[in-house]
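Residue-level listing of the chains:
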Amino acid sequence: MAPRLQLEKAAWRWAETVRPEDVSQEHIEAAYRIRLEPCLRGVCRRNCKGNPNCLVGIGEHIWLGEIDENSFHNIDDPNCERRKKNSFVGLTNLGATCYVNTFLQVWFLNLELRQALYLCPSTCSDFVMGGGVQEEKDYEPQTICEHLQYLFALLQNSNRRYIDPSGFVKALGLDTGQQQDAQEFSKLFMSLLEDTLSKQKNPDVRNIVQQQFCGEYAYVTVCNQCGRESKLLSKFYELELNIQGHKQLTDCISEFLKEEKLEGDNRYFCENCQSKQNATRKIRLLSLPCTLNLQLMRFVFDRQTGHKKKLNTYIGFSETLDMEPYVDHQGGPYVYELGAVLIHRGVSAYSGHYIAHVKDPQSGEWYKFNDEDIEKMEGKKLQLGIEEDLEPSKSQTRKPKCGKGTHCSRNAYMLVYRLQTQEKPNTAIQVPAFLQELVDRDNSKFEEWCVEMAEMRKQSVDKGKAKHEEVKELYQRLPAGAEPYEFVSLEWLQKWLDESTPTKPIDNHACLCSHDKLHPDKISIMKRISEYAANIFYSRYGGGPRLTVKALCKECVVERCRVLRLKNQLNEDYKAVSNLLKTTIKGSEGFWVGKSSLRSWRQLALEQLDEQDGDADQSNGKMNGNSMNKDESKEERKEEDEVNFNEDIVCPHGELCISENERRLVSKEAWTKLRQYFPKAPEFPSCKECCSQCKILEREGEENEALHKMIANEQKTSLPNLFQDKNRPCLSSWPEDTDVLYIVSQFFVEEWRKFVRKPTRCSPVSSVGNSALLCPHGGLMFTFASMTKEDSKLIALIWPTEWQTMQKLFVVDHIIKITRTEVRDVNHSEAQYISEPKLCPECREGLLCQQQRDLREYTQATIYVHKVVDNKKVMKDSAPELNVSSSETEEDKEEAKPDGEKDPDFNQSNGGTKRQKISHQNYISYQKQVIRRSMRHRKVRGEKALLVSANQTLKELKIQIMHAFSVAPFDQNLSIDGKILSDDCATLGTLGVIPESVILLKADEPIADYAAMDDVMQVCMPEEGFKGTGLLGH
């Protein structure tokens, strides 16, 4: 099929030879493209939007032919959530709780611990009533032991593939979004569990933690002088082994037990010798537990950075560990088998993921527990190879070769060994009846959910099959042919064929013209279908209005024909009008036309015809969505900004404008042709008089301009030095030939100069307006010292002779002057400066407080950070010409304040607190101007601007600086005006950082071994650990 534009031209080609009044039904059907040939499947690759008879490529391909039932739904098979046979149950990761899940699985597979917890009495008996579980409410464990009991029961007998441990995590008060130290969690929870079980009467329950995990060692110190040996006994639940500098687990154990020399300042006080002596100290293992937890200290404190880092070094360990050589008392067998390996994936101490490889003590099979997913290892072998390849090593260390029965890992952080015994573990650990009832209830809920999901899947499949049959039946009957037909939108047909969305009622309102019929320009988004198919669609889905053969709009076709003919005629008329404009106008037969309109009339006519041609687009906002709204807003803006034809000679009063340069006369014949394209254009015959109101205003304007020029010239002649800013007095070097100087606002002077320069464009300045420099009480807002420095840009000094002239030229509301007097003493004389009116100390102090408050309470203000090397600014040597910076201006400005405080009028405020709120209202806008002006910073190359707020902390600023300069927060040394910024918790406002400040950044040497920038972001957050959780008794 031909492209859409070609189809569009072909549909309206007849309009070139047919006048609008001669349009027939044949022409209307051609405009609506009724007789176009339909496309065939296989020939047409995609739908032809210009052909309403093309019904190919609208989404029918997914329904024709055989369809897999699974494509009719998006519901997963509920059996995928069912526990596999001879497998374990996983645990949901609640965000960052993988470290909890790994330990729960390790403790669950400790059969002795599980059995003891099942024996622990529970308040669940209150929940069980009448021999069964209360159906109306869910069971909520009350203690940690009950939570663990319930979790273990579900892990043992649940039908689910994974269970939710949120009740247990919530009971401990853990933050599910914050990853914590797994080793610390293990210690704290074991301590909490031991304390909780210590209150039990049953010794098998009360002592289970000590029996399983508790060993004993002694700190032994031997005096080198007398040989006296002292012991300090201590229990342990895990051995914390240093791995730095070691490759094998046995080396780590040997270092843990090695002898330490106490010499020099570290000598030992021997009670036998009664003096400090050289000695040796070591740890002796006295007894070992059934379950030996070995913590590999991968997460260590880095002295250089002040934060934790992970040691990604390989450590080798065997599946069998003989601890007999390390135990002091040879009281029994100490051969252990590897029972679990806890893994931390990731190179950073502050991020990553925890998983566990655990051996089932009953079957001897190894399993990998990864939250919800559990994988059984083949051949009853521990397989760590995949885990070790997941994360790239920063130190390109090769993995050591491991012999049979040994393993190497750079991610293992805890090894669990179990004492070898000849007895096989008890194969039948029974879940107590009350817990089994709860598990059965949860299983029944799960089965109900599975049935519900299966039913939903079945319903979706049934609906899909029905839709499949409907489409196969109706699609064959969609083409209209010569039979009665109707129009339906292509969008609706595509949604009908879209399996992912429910079919809505047919809505044809968006494609109607102003006559409530089908607009011919909408035919490209409509499809012509048979009346039979339309009847079924409307009966099943409803909607409307129905667009039958009667919906073909003759009025729209006729109008479109007229517009197209005018477009074709436009070029000929343009040539004719151009020739007519060359002829001389005789008598009073002509018409006034704007020159601007004449220059662009062809373009205006074309745009107007296009608008008329595209009225359909404006009548439809629903069909085209948001893009249509954008087009409408563009049209609105055009109407506002552009002037219509001949409106360029219309004055504001709606009459003919007075400027003859903007218009010209055209002949009646030329105007007739123009009027054909612009029937609503304003018409002005040559005899039409100009606007009388505009003539009056023009005369008044000319008189005012002449008056303004005269006033400006007189004022410029009277005050030449003030206008040219020459020979101006200065307070810091008082002129010798006068004792009095007058003050006006600089704003007044600047406005007056504008008027004198351009009197025809600016209004005359009639009043001096000194009230802006005074407080509401009539007092002056400046000290003499401030007027010599930071406030000097707000005021202008006037000579007495100039002041006399100004009083004649302007209205003066308040006279402000400064008088110099000599105060003579016996030894010397001193100049004293007195202002009239005098300083208002209360309002002055209130203004200064407000200024400081404004500087401390900003939001989204700009500051500059400048990196320094060897305490020198980076750019000072390389670009000395760029060293001019407002930071130095700021220092000068700050130094001016102590001078101001020495002013005798400065410290006279008492009881002025209530008046501060209103004291500087007239002045505050000027003061803000001077703040901006005096603090405008000239940015130096290599300096970076940051947007900050006064209430953000220094720590947050350091994170911004880290992103800008790639310097970690703990490597940043910041200072401002020589003051070191060190309190990370303090806000920028309290630290004296104000808008436009320049902060100097000196970076320490980067640390080569901190893991990643991701670490740095975590490091910047305060480490709360398990503070506030149930693990610490809160």
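These numbers come from a predicted model, not from an experiment.

Moving on, we get to the overall build of the chain. Across its full length, the chain holds 32 helices and 38 strands. Across the 1034 residues that make up the chain, the buried fraction comes to 45%. Taking the contacts inside the chain whose residues are at least 6 apart along the sequence as the reference set, 75% of them involve residues at least 24 apart. Working note: accessible area of the chain is about 55500 Å², and carbon and sulfur atoms make up 47% of it.

Our next topic: the confidence of the model for the chain. For the chain, the mean per-residue pLDDT works out to 80, and 82% of the residues sit at or above 70. Below a pLDDT of 50 lies the segment residues 616-641, which in the model reaches 21 contacts outside its immediate sequence neighbourhood of four places, other chains included.

Tallying each qualifying case throughout the model produces 33 aromatic pairs. Taking the centre distance of 5.6 Å and the plane angle of 70 degrees together, the rings of Phe168 and Phe189 count as edge-to-face. Linking Phe168 in helix 7 (residues 166-172) with Phe189 in helix 8 (residues 182-197), this pair joins segments that are 21 residues apart in sequence. The exposure class of Phe189 is buried, given its relative accessible area of 0%. A ring pair is formed by Trp492 and Tyr541, whose centres lie 5.7 Å apart and whose planes are at 70 degrees; its orientation type is edge-to-face. Remark: Tyr541 occurs in helix 15 (residues 531-541) and Trp492 occurs in helix 14 (residues 490-496); sequence separation between them is 49 residues. An aromatic cluster is present here, built from Tyr99, Phe103, Trp107, Phe168, Phe185, Phe189, Tyr354 and Tyr413 joined pairwise through their rings. Note that Arg528 overlies the ring of Tyr485, its terminal NZ or CZ placed 4.7 Å from the centroid. In this structure, Arg602 is placed above the aromatic ring of Tyr574, and the distance from its NZ or CZ to the ring centre is 4.1 Å.

Further remarks concern the sheet that holds strand 30 (residues 795-798). Reading across from one edge, 30-29-31-32 is the order of the four strands in this open sheet, with antiparallel pairing throughout. Strand pairing shows two members of the sheet lacking a second neighbour, strand 30 and strand 32 (829-836), which therefore form its edges. Strand-to-strand twist across the sheet, computed as the mean angle between neighbouring axes with direction ignored, equals 30 degrees. Across eight bridges, strand 31 (residues 817-824) lies against strand 32 in antiparallel orientation. Bridging from a neighbouring strand, Val823 pairs with Glu830 of strand 32. Relative to the sheet, helix 24 (residues 746-757) contacts strand 29 (740-745) and strand 30, its axis offset from that of strand 29 by approximately 70 degrees. The strands that helix 26 (residues 800-809) touches are strand 29 and strand 30; relative to strand 29, the one it contacts most, it runs at about 50 degrees.

We now examine the sheet that holds strand 8 (residues 260-262). Strand order in the open sheet formed by four strands is 6-5-11-8, with antiparallel pairing between adjacent strands. At either end of the open sheet lies a strand with only one pairing partner, and these are strand 6 (229-236) and strand 8. For this sheet, the mean inter-axis angle between neighbouring strands, taken without regard to orientation, is 30 degrees.

Running from N to C, helix 16 (residues 554-580) and helix 21 (residues 668-677) cross one another at 155 degrees; their axes reach a closest spacing of 10 Å. By the criterion of interaxial angle, the relationship of helix 16 to helix 21 is roughly antiparallel. The element helix 16 and its partner helix 21 pack so that their crossing is left-handed. Contact residues: helix 16 offers Leu566, Gln569, Leu570, Asp573, Ala576, Val577 and Leu580, while helix 21 offers Glu669, Ala670, Lys673, Leu674, Gln676 and Tyr677.

Reading the values: rules and limits
Residues numbered from 1 in each chain as written. Predicted model: local features only at pLDDT ≥ 70, side-chain atom pairs only at ≥ 80, totals over all residues. Heavy atoms only, no water. Helix = DSSP H or I, 4+ residues; strand = E, 2+ residues; numbered from the N terminus. Buried < 20%, exposed > 50% of the residue type's maximum accessible area, 1.4 Å probe, protein only. Contact = heavy atoms within 4.5 Å. Areas by Shrake-Rupley, 256 points an atom, 1.4 Å probe, with all protein chains shown as cover. pLDDT = per-residue confidence, 0-100. Phe/Tyr/Trp six-rings, centres within 6.5 Å; stacked < 30°, edge-to-face > 60°. Lys NZ or Arg CZ within 6 Å of the ring centre and 35° of its normal. Pairing = 2+ DSSP bridges. Axes fitted to C-alpha atoms, helices over the stretch in contact; angles between N-to-C directions. Parallel < 35°, antiparallel > 145°, perpendicular 65-115°, else oblique. Left-handed = near helix turned anticlockwise from the far one by under 90°.

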